[in-house]
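Here is what each chain is made of, one letter per residue.
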Amino acid sequence: MTDLKITLKRSVIGRPQNQREIVKAFGLHRISSSVIRPNDAVTRGVIAKISHLVDVEEIK
């Protein structure tokens, strides 16, 4: 199973509260901060809601 490296690329300033909470729940604090999460349906669904703010790459 692969993992996903999620990197915050855009600021959450001026974004709706639910998008801010998603970014915070992932553990992303600053632009260019990254986290590694499992590649499952739940993670993919949440990423779809903030896809315009993050970059996602698969890692093995």
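Up top is the structure.
Report follows, based on the coordinates. This structure is a prediction, so every number in the text was calculated from the model and none was measured. (Residues numbered from 1 in each chain as written. Predicted model: local features only at pLDDT ≥ 70, side-chain atom pairs only at ≥ 80, totals over all residues. Heavy atoms only, no water.)

## Topic: the pairing of strand 1 (residues 3–8)
A regular strand carries its side chains on alternate faces of the sheet.
Then comes step 1: Where strand 1 and strand 2 (residues 34–38) come together, 5 bridges link them in antiparallel fashion. Note on strand 2: the bridge partner recorded for Ile6 is Val35.
Then comes step 2: Bridging between strand 1 and strand 3 (residues 54–59) involves 6 bridges; their strand directions are antiparallel. If you follow Asp3 over to strand 3, its bridge partner there is Ile59. (Pairing = 2+ DSSP bridges. Helix = DSSP H or I, 4+ residues; strand = E, 2+ residues; numbered from the N terminus.)

## Considering helix 1 (residues 17–26)
Then comes step 1: Within the sequence span of helix 1, burial applies to Gln19, Ile22, Val23 and Phe26. Summarising the axial view, the buried residues of helix 1 lie within an arc of 95°, below the 170-degree limit, and thus occupy one face. Residues of helix 1 that are exposed and point over 90 degrees away from its buried face: Gln17, Lys24 and Ala25.
Then comes step 2: Turning to helix 1, the residues buried within the fold contact strand 1, strand 2 and helix 2 (41–49).
Then comes step 3: One or two positions beyond helix 1, positive phi appears at Gly27, with a value near 90°. (Buried < 20%, exposed > 50% of the residue type's maximum accessible area, 1.4 Å probe, protein only. Arc of directions from axis to C-beta. Contact = heavy atoms within 4.5 Å.)

Any functional reading would require information beyond the geometric quantities listed.
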